[in-house]
Amino acid sequence: MPELPEVEVTRRGVAPHIEGRIVRDVVLRRDGLRWPFPDELPDLLAGRRIVATDRRGKYLLLQFEHGTLIIHLGMSGHLRVLPSGIPPEKHDHFDMTVEGADGRHVLRLTDPRRFGAVLWHAMQDGALEQHTLLRGLGVEPLGPAFTGKLLFEQTRTRSAAIKQVLIAGDIVVGVGNIYCSESLFRAGINPKTAANRISAARYDRLAQAIRDVLAEAIVQGGSTLRDFIGVNGQSGYFQQTYFVYDRAGVPCRCCGAPVRQIKQGQRSTFYCVNCQK
């Protein structure tokens, strides 16, 4: 599933091709994906200018003067910017044609498993932050509000495992399964440790590890395990530098002990028993 780095890579890839451009056409090739497509979406967007692109957690935000288009890539989705006129394929469900000084391009959403989403939040519906999908999200991990102090203060009453607390998304958003395992390894914290048993100093190290891991993943184009490709059709390669994720039974890069795999909340967690206490 695309996580925060993959969505940020996508945002940075599409932004130069769509920001400031006028939408000329929107084509919907089915009724919806995870949720129905908004009613009259082509009429809502045709002739309107894309003011800016943004991201909140794993949601890509295309901002217009009269509202925001919210795009989620789901489990298998990806966006590409293509020259106008390229025929759609089986899993190409959404096209938005934009026009600028260099001609027309198509922003195309491909989603084989159809767990993605394209939703509309009108300006008249209130602040975007209050949208159902966004209002419960925690702080952005790459923003100034995210600190070890915040993690420490917000976990004093939480006895759940730190891995589960992080991926819940209500304290810090976008630290998904892959990058959570990698960040906990770099911080030297066992993923089974109760969140309220971790010291302030260790949370400082963890916050920095999260920032470093996410930033490095973005630079390297994200991770490509199965479905994710970037806007230009190329795969990310951060998976080549994993310390623990998807390396069960492989010697730890630091101590040589076999990396272990366990299940937490029905998702796989990878860690080193020697390096993570």
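First things first, this report covers the structure right here in the doc. Here the structure is a predicted model, which is why all the values come from computation and not from measurement.

This brings us to the nonpolar core. Residues Leu151, Ile162, Leu166 and Leu206 are the most contacted members of the largest nonpolar core, which totals 34 residues. Elements with a contribution of two residues or more to this core: helix 3 (148-154), helix 4 (162-168), helix 5 (177-187) and helix 6 (200-219).

Looking now at the packing of helix 1 (residues 4-18) against helix 6. One can describe the packing of helix 1 onto helix 6 by two numbers: an axis separation of 9 Å at closest approach and a directional angle of 45 degrees. The angle between the axes of helix 1 and helix 6 places the two elements in the oblique class. Crossing handedness for the pair helix 1 and helix 6: right-handed. Contact with helix 1, carried on its side by Leu4, Pro5, Glu8, Val9 and Arg12, involves Leu214, Ala217 and Ile218 of helix 6 and no other residues of that element. Classifying every residue of the contact of helix 1 with helix 6 gives 6 nonpolar, no polar and 2 charged.

Let us now look at unusual backbone geometry. Unusually for a residue other than glycine, arginine 114 sits at a positive phi of about 60 degrees. Tracing the sequence through the fold places arginine 114 in the loop between strand 7 (103-110) and strand 8 (117-122). By relative accessible area, arginine 114 is classed as partly exposed at 37%. The residue glutamine 266 is not glycine, and still its phi comes out positive at about 65 degrees. Locating glutamine 266 in the fold gives a position in the loop between strand 9 (260-264) and strand 10 (267-271). In this structure glutamine 266 comes out as exposed when scored by relative accessible area, which is 77%.

Attention shifts here to the sheet that holds strand 6 (residues 92-100). One open sheet accounts for 4 strands, arranged 1-6-7-5; its pairing is antiparallel. On the outer flanks of this sheet lie strand 1 (22-28) and strand 5 (78-83), each paired with one strand and no other. Shown here is a sheet whose adjacent strand axes are inclined to one another by a mean of 20 degrees, direction ignored. Both strand 5 and strand 7 contribute to a ladder of 6 bridges, which runs antiparallel. From the neighbouring strand, histidine 78 faces strand 7, where its bridge partner is threonine 110. Relative to the sheet, helix 1 contacts strand 5, strand 6 and strand 7, its axis offset from that of strand 5 by approximately 30 degrees.

Quick look at the pattern of salt bridges now. Enumeration according to the criterion identifies 15 salt bridges in this entry. With a shortest N-O distance of 2.8 Å, glutamate 140 and arginine 55 are connected by a salt bridge. Placement of the pair is glutamate 140 in the loop between strand 8 and helix 3 and arginine 55 in strand 2 (residues 50-56), with a sequence separation of 85 residues. Among the residues examined, arginine 55 registers a relative accessible area of 12% and is labelled buried. Between glutamate 99 and arginine 104 there is a salt bridge; the shortest N-O distance is 3.4 Å. The network of salt bridges with shared partners includes Glu8, Arg11, Arg12, Arg55, Arg56 and Glu140.

A word on the pairing of strand 2. Looking along a regular strand, one sees the side chains alternate between the two faces of the sheet. Here 6 bridges tie strand 2 to strand 3 (residues 59-64), and the two strands are oriented antiparallel to one another. Its bridge partner lying in strand 3, arginine 55 is registered against leucine 60. Following strand 2, the chain reverses through 2 residues before pairing antiparallel with strand 3; glycine 57 in that reversal takes a positive phi of roughly 60 degrees.

Take the environment of alanine 168 next. Considering the arrangement of structural elements, one finds alanine 168 in helix 4. Owing to a relative accessible area of 53%, alanine 168 belongs among the exposed residues under this scheme.

What follows deals with the sheet that holds strand 8. Here 4 strands make up an open sheet; going across it, the order is 2-3-4-8 and the pairing antiparallel. Only two strands of the sheet have a single partner each, and these edge strands are strand 2 and strand 8. Each adjacent strand pair in this sheet contributes to an overall mean axis angle of 20 degrees, direction not counted. Two strands pair when backbone bridges link them, and strand 4 (residues 67-72) and strand 8 are joined in this way by 6 bridges, in the antiparallel orientation. Paired with threonine 68 across the strands is histidine 121, a residue of strand 8.

About the cut-offs
Residues numbered from 1 in each chain as written. Predicted model: local features only at pLDDT ≥ 70, side-chain atom pairs only at ≥ 80, totals over all residues. Heavy atoms only, no water. Core = buried A, V, L, I, M, F, W, Y, C linked by side-chain atoms within 4.5 Å. Buried < 20%, exposed > 50% of the residue type's maximum accessible area, 1.4 Å probe, protein only. Helix = DSSP H or I, 4+ residues; strand = E, 2+ residues; numbered from the N terminus. Axes fitted to C-alpha atoms, helices over the stretch in contact; angles between N-to-C directions. Parallel < 35°, antiparallel > 145°, perpendicular 65-115°, else oblique. Left-handed = near helix turned anticlockwise from the far one by under 90°. Contact = heavy atoms within 4.5 Å. Nonpolar A, V, L, I, M, F, W, Y, C, P; charged D, E, K, R; others polar. Pairing = 2+ DSSP bridges. Salt bridge = Lys/Arg side-chain N within 4 Å of Asp/Glu carboxyl O.

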